[in-house]
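Letter by letter, the chains look like this.
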Amino acid sequence: MSSLTITGLSKTFGNVRVIADLNLQVAEGEMLVLVGPSGCGKTTTLRCIAGLESPSAGRIAIGSRVVTGVAEGVNVPPEQREIGMVFQSYAVWPHMTVFDNVAYPLRAIGVPRKTVPDRVKRALKLVQLDLLAERYSSQISGGQQQRVALARSLVAEPKLLLFDEPLSNLDASLRVQMRIEIKELQRHLGFTAVYVTHDQTEAMAIADRIAVMDRGVIRQIGSPRDIYDRPANVFVAGFMGTTNLLEGTVSRVSGGEAIVRTVNDIDVRVAAGDGAAVGRAVHVSVRPEAASVTTRAPAGSPENVWPGKVTLSTFLGDTIIYRLDVNGQKFDVHAPTTDVFDAGADVFVAVPPNRCILLLE
Amino acid sequence: MADPGAPSAVHESAARAPGFVTRLRFSGATPTEVVTIAVLALLVLWLVLYPVGWLAWGAFHSGPPGAAESWTLANFREVFLDPNHWVVVWRSIVVGTGVTVLATAIGAPLAWLTVKTDLPGKRWVELSAIVPFFTSTFIGALAWILLGNPTNGVLKLWFGIPINVYSVGGIIWVTSLYLAPYMYLFTAAALRNMDTTFEEASFMSGAGLWRTLTRITFPLILPALLSGMTLVFVISMGIFGVAAILGFPARISLLATDIYVRALLIPPRFGAATVSAMTLVIITAALVMLQRWILRGGSYTLVSGRGFRIKLYGLGKWTPVAHAWCFLYALLAVILPVLVLIKVSLQPYPTPRFGPWTLENWTVFFNNDNLYGTLLRSLYLSTGGATLCVLLTAVIAYIIHRSRAPGRRLLEQVSVMPIGIPGIVMGLAMIWAYVTWPIWGTLWVVIVAYLTLFMPYGVRALGANIVQIHPELEESSRVHRASWFRTFRLVMLPLLRPGIYSTWILLFIIFIREISAAVLLTTTNTRLFPVLIFEQWSAGAFNIMCAGALLLTIIMFAVIMLFKWGFKVDVMPSYR
């Protein structure tokens, strides 16, 4: 297993810049997830790492070995990069058995013929497919094909594993099960991996670290917790989970706190960080589950408390989503099902200041 | 990373002016790939441009190929100042246009009926729309002499239908019957690939059948229709067999026969024939370019998503009408011609009467010393030629659709160029190009001509198969340690096998029945089977000729059945 270092990576198709000066470091044994909306450049980045796409500029090194270096004129073909990859379509070859699919990388490298069956069986055992070795891909399910693809990517003990939206063709329940299995396998074998997905839940479930991409740029990189609780900007706050984004201006800064007056004249007390100067245009992100709905304003509470009106209530079984109107601002709250308010009810919303995230960009 | 400033400066200059070498290095192409592309590109450029270049050169020279003397414009004077030439040009354009319109009128409705409606017995309809493709215009024309000649044609004497195939109309009629399958194939493929929701959305928006057909279906299949029509026009302009068999007796000259006659005059007028050929190729090339220009925006993506259903229109009370239409076509293109060929091949002289009967034609035919040699030669040529052509076009199609190396666009453009070159023109060009080569007078020169002429068919048919294979199947191979060549051998070729088989049969059939390019190229030592049949016709041996035409049909049919049952390959040429 090796680390991965990407420096100054850029890719243009014609006049379109798909990746713009991207820098990324993945530690040995780490699972890094690239997440972002479609067209953000995450798959192109992955394909550049695999050598399936050639960047316009930049350098990619697996361990200490430079596999792509535009300036140096280095471009190692995919088959010499010692990587494994799981594709969105699984790409299990339909004219070969499960066994032959998994044996393929070993035979291509030319490992001693006698060791092939043993290594294939070990790989198939890892993904619990050892009993289906002689089947063809048309005779196994989508989930099983996915496991074949996984075994094939692992069998030659690659230095790096790449996952290109591997679960997007599976149905919902299988997807949840498979992402747990991939994570367990990664913990167990300790491989370095870059995993691309557009699904932010999947990203959080599987990642050691997440890199959120937008229009060819990494907007934030950090642990799932960091990304969710402390988004660095409006894009990340909006993309990772649902949130209420309140637009406004800093009206006062005192101690560790600031007051933001929103465009709908709501005063929001937030924990102030660096750069919160009076008069600066900012956004405040409030997660729907951070807020609560009450019928009476709690007197003297340190929390932000605003009067509002319920406009829509959606029952989801474990939670209720209230769409509120707070002084003309749409505001969503995920509340427990114990207190029920109907549409039209006059209520109060309460949010602790430390759950109101000040976003400077 | 030690010096982040330095590399980025290089990046910028590289980004500003990506030269050929830079593009090559960063196209992801391996040395094997680059060498393969370079060799193929040179080969294809050679195959296409060398004879065409010689043709242009020959037009400006006096003297025959191989012994050309000096630069001259005399050839142009001889042809262009002859008012009769322009009559011939005009007549050829009329024939080409007429065939294109009539073949579309026959083929496109058949395609719509089989793909989009609930017509019962579709398999038979489909079969009757395809079989004429394998019978060929040449054999069709032979049969139609017997059916539709004005003095003792079967149709006139038995059914009182007064038609005369020895006319411009007759040429258009017979050619259309046997080129209609092209229109059927192009239209059916487009209709089959079209997502039905486009039409359903039209119905949901309140449009009726007619409005949906004219506003939605037709515009969406228009690119495919235009491609098919261009192909049909070019083929019909260069078709020799029909033009000769139906045109010579009535002294109706078309460009294809005009070239032939000028080249075989005594003494031969090669220069004039070449200028005539230039006229022909300029018309067809202009049309191909026009079609490219019309479709310059690229064709629509008709396929969206997977596993869509094909909407079936209920024909209801119109079913018998549709059946009658399909049956009439099968009757005129296949059933009557084959029956009349069988009948006359068993009679001692051409007669519309029923009897007397004899096996003499067949015995004469089988005792002819020329026959076995010619038949074997045709089989060798078609087997070997089709194999070479499939190998060549498989690699070309693969590169066109899957490589990202620079140069592939050029390869694509050059490899489909022969679509615009009529067969007879290629025959003449080959004489100019290779008459001084040692392969001249051997079968190799015929193979090279056919390879060049029919390369586009292989490239298209295989290309249609290659795009069906998900790119990730190959990428996965590359990532998992296999080289470009190993990927081609272990992943691409096996997945492409059915497509390779069906393309091989298509090419085999096209090769074995081809006559337009062969008439000028073959000598007594390299005579091919269709040419032998043509010579029997020239000698007036109609009954023997019928036996030959039937034998050729039987061979083609046998090969198709062999593949259908032996290799389980469906013989449906696929186009894109």
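Residues numbered from 1 in each chain as written. Chains lettered and ligands numbered in written order. Predicted model: local features only at pLDDT ≥ 70, side-chain atom pairs only at ≥ 80, totals over all residues. Heavy atoms only, no water.

1. Brief notes about the overall build of chain A
How we decide: Only DSSP runs of H or I reaching four residues or more are called helices, and only runs of E reaching two or more are called strands; each is numbered from the N terminus. Buried residues are those whose accessible area, probed at 1.4 Å on protein chains only, stays under 20% of the maximum for their type, while exposed residues exceed 50% and partly exposed ones sit between those limits. Per-residue and other accessible areas were derived by the Shrake-Rupley procedure at a 1.4 Å probe size, with only the shown protein chains allowed to occlude residues. Charge assignment in this entry is limited to Lys and Arg as positive and Asp and Glu as negative, and neither His nor the chain termini are counted. To locate a charge, the coordinates of NZ of Lys, CZ of Arg, CG of Asp or CD of Glu are taken.
From N to C terminus, chain A includes eight helices and 21 strands. Viewed in the frame of its principal axes, chain A has a C-alpha envelope of about 80 × 50 × 35 Å. Burial status across chain A gives 52% buried among its 361 residues. Element-wise, carbon and sulfur atoms account for 50% of the exposed surface of chain A, whose accessible area totals about 15,400 Å². Positive and negative side-chain charges of chain A, numbering 37 and 37 respectively, have mean locations separated by a distance of 5 Å.

2. Some remarks on the sheet that holds strand β6 (residues 74-75) of chain A
All names here are of chain A. Note the threshold: At least two bridges found by DSSP between two strands is the condition for calling them paired. In this analysis, two residues are considered to be in contact whenever any of their non-hydrogen atoms come within 4.5 Å of each other. Axis definition: a line fitted to C-alpha atoms, limited for helices to the stretch in contact. Angles are taken between N-to-C directions and run from 0 to 180 degrees.
The strand order across the open sheet formed by five strands is β2-β1-β4-β5-β6, and the pairing between neighbours is antiparallel. Every other strand in the sheet has two partners, leaving β2 (16-26) and β6 as the edge strands with one partner each. Bridge analysis of strand β4 (residues 57-62) against strand β5 (residues 65-69) gives four bridges, and the strand direction is antiparallel. Looking across to β5, one finds that alanine 61 is bridged to valine 66. Against the sheet, helix α1 (residues 42-50) makes contact with β1 (4-13), β2, β4 and β5, and its axis sits at roughly 115° relative to β1, the strand it touches most.

3. Things to note about the environment of proline 150 of chain B
Residue and element names in this part refer to chain B. Within the secondary structure, proline 150 is located in the loop between α6 (122-148) and α7 (154-159). Spatially, the C-alpha atom of proline 150 lies 4.7 Å from that of asparagine 164, the residues being 14 residues apart in sequence. Each residue touching proline 150, except ones within four places of it in the same chain, is listed here: Lys156, Ile163, Asn164 and Tyr166.

4. Considerations on the confidence of the model for chain B
Interpreting fine coordinate detail is not advised for predicted regions of low pLDDT. Residues and elements named next belong to chain B. Operational definition: As a per-residue measure, pLDDT reflects the predictor's confidence and takes values from 0 up to 100.
With 90% of its residues at a pLDDT of 70 or more, chain B has an overall mean of 82. Throughout residues 1-17 the model reports pLDDT below 50, and contacts reaching past four residues in sequence, or to other chains, amount to nine contacts. A low-confidence stretch, residues 299-308 stays under pLDDT 50, and its non-local contacts, those more than four residues away or across chains, total 18 contacts. Note on the complex model: pTM 0.80, ipTM 0.85.

5. Focus on the packing of aromatic side chains
All names here are of chain B. To keep it simple, the criterion reads: A pair of Phe, Tyr and Trp rings is counted when the ring centres sit within 6.5 Å of each other, with Trp represented by its six-membered ring. The angle between the planes then sorts it: under 30 degrees is stacked, over 60 is edge-to-face, the rest tilted.
As enumerated under the stated definition, the model contains 36 aromatic pairs over all chains in all. Arranged with centres 5.3 Å apart and planes meeting at 20°, the rings of tryptophan 504 and phenylalanine 508 form a pair that is stacked. Highlighted residues: tryptophan 504 and phenylalanine 508, both in helix α21 (residues 484-513), separated by four residues, approximately one helical turn. Measuring from ring centre to ring centre gives 5.6 Å for phenylalanine 534 and tryptophan 537, while their planes differ by 20°; the resulting arrangement is stacked. A residue pair is termed a helical-turn pair when its members lie 3 or 4 positions apart in one helix, as phenylalanine 534 and tryptophan 537 do in helix α23 (residues 529-538) at three residues. Exposure class is identical for phenylalanine 534 and tryptophan 537. Each is buried. Through pairs of rings, three or more aromatic residues link up here, namely Trp46, Tyr50, Trp54, Trp57, Phe60, Trp71, Phe76, Phe80, Trp86, Trp432, Tyr434 and Trp437.

6. Focus: the sheet that holds strand β11 (residues 217-222) of chain A
Residues and elements named next belong to chain A. If you walk across this open sheet you meet the six strands as β7-β8-β9-β3-β10-β11, and the pairing is mixed. The open sheet terminates on both sides in strands that have one partner only, identified here as β7 (83-86) and β11. Taken pair by pair, the neighbouring strands of this sheet meet at an average axis angle of 20°, ignoring direction. Direction of pairing for β7 relative to strand β8 (residues 160-164): parallel, over a ladder of four bridges. From the neighbouring strand, glycine 84 faces β8, where its bridge partner is leucine 161.

7. A look at a nonpolar patch on the surface
For the record, the criterion: Only residues above 30% relative accessible area that lack a salt bridge enter a patch, with like-charged residues linked at up to 9 Å and the nonpolar side chains Val, Leu, Ile, Met, Phe, Trp and Tyr linked at up to 5 Å. What makes a salt bridge here is a side-chain nitrogen of Lys or Arg within 4 Å of a carboxyl oxygen of Asp or Glu, nothing more.
A surface patch of nonpolar side chains, about 700 Å² in accessible area, is lined by Leu157, Trp158, Phe159, Ile161, Phe354 and Trp357 of chain B. Locating phenylalanine 159 of chain B in the fold gives a position in helix α7.

8. Considerations on the packing of helix α16 (residues 369-402) of chain B against helix α17 (residues 408-415) of chain B
All names here are of chain B. So the rule is basically this: Should an angle lie under 35 degrees it is considered roughly parallel, over 145 roughly antiparallel, and from 65 to 115 roughly perpendicular; all remaining angles are considered oblique. Note on convention: the crossing is left-handed when the near helix lies turned anticlockwise from the far helix by less than a right angle, right-handed when the turn is clockwise. Polarity classes work like this: nonpolar for Ala, Val, Leu, Ile, Met, Phe, Trp, Tyr, Cys and Pro, charged for Asp, Glu, Lys and Arg, and polar for all others, with Gly in that last group.
Following both chains from N to C, one finds α16 and α17 inclined at 130°, their axes separated by 9 Å at the closest point. Between α16 and α17, the crossing angle belongs to the class labelled oblique. The crossing of α16 and α17 is left-handed. On α17, the residues that touch Ile396, Ile399 and Ile400 of α16 are Arg408, Leu411, Glu412 and Ser415. Across the contact of α16 with α17, the residue classes tally to four nonpolar, one polar and two charged.

9. Some details on the packing of α16 of chain B against α23 of chain B
All names here are of chain B. Their axes nearest at 8 Å, the elements α16 and α23 cross at an angle of 140°. Here α16 lies oblique to α23, going by the angle between them. Here Asn370, Leu371, Thr374, Leu375 and Ser378 of α16 come into contact with α23, specifically with Phe529, Pro530 and Leu532.

10. Remarks on the pairing of strand β3 (residues 31-35) of chain A
All names here are of chain A. Burial within β3 is extensive, with five of its five residues counted as buried. Residues Met31, Val33 and Val35 point to one face of β3 and Leu32 and Leu34 to the other, with burial holding for every one of them. Bridging between β3 and strand β9 (residues 193-197) involves five bridges; their strand directions are parallel. Along β9, the bridge assignment pairs valine 33 with tyrosine 195.

11. Some points on the interface of chain B and chain A
Heads up, the condition is: Here the quantity called buried area is the total loss of accessible area, with a 1.4 Å probe, experienced by two parts when brought into contact, counted for both. What qualifies as a polar contact is a pair of N or O atoms within 3.5 Å, subject to a donor-acceptor requirement within protein and to the restriction that residues adjacent in sequence count only when both atoms come from side chains.
Across the boundary between the two partners, chain B contributes 29 residues, which contact 44 residues of chain A. In total, chain B and chain A occlude about 3,100 Å² of area from one another, counting both sides; carbon and sulfur atoms represent 60% of this. At the junction of chain B with chain A, the criterion picks out two salt bridges. Between arginine 478 of chain B and glutamate 79 of chain A there is a salt bridge, and its shortest N-O distance comes to 2.9 Å. At the junction of chain B and chain A, the tally comes to eight residue pairs in polar contact (both at pLDDT 80 or more). Taken together, the residues of the side of chain B that touches chain A sort by class into 12 nonpolar, 10 polar and seven charged.

12. Remarks on the pattern of salt bridges
Counted according to the given criterion, the structure contains 27 salt bridges over all chains. Shared partners join several salt bridges into a network, and the residues in it are Asp214, Arg215, Arg219 and Glu361 of chain A.

13. Re the pairing of strand β10 (residues 209-214) of chain A
All names here are of chain A. With respect to burial, β10 is a largely interior element, five of its six residues being buried. Pairing between β3 and β10: four bridges, direction parallel. By the bridge assignment for β10, valine 35 is matched with valine 212. Where β10 lies against β11, five bridges are found, and the strand directions are antiparallel. Bridged to valine 212 within β11 is glutamine 220. Between β10 and the antiparallel strand that follows it, β11, lie two residues; arginine 215 among them carries a positive phi value of about 45°.

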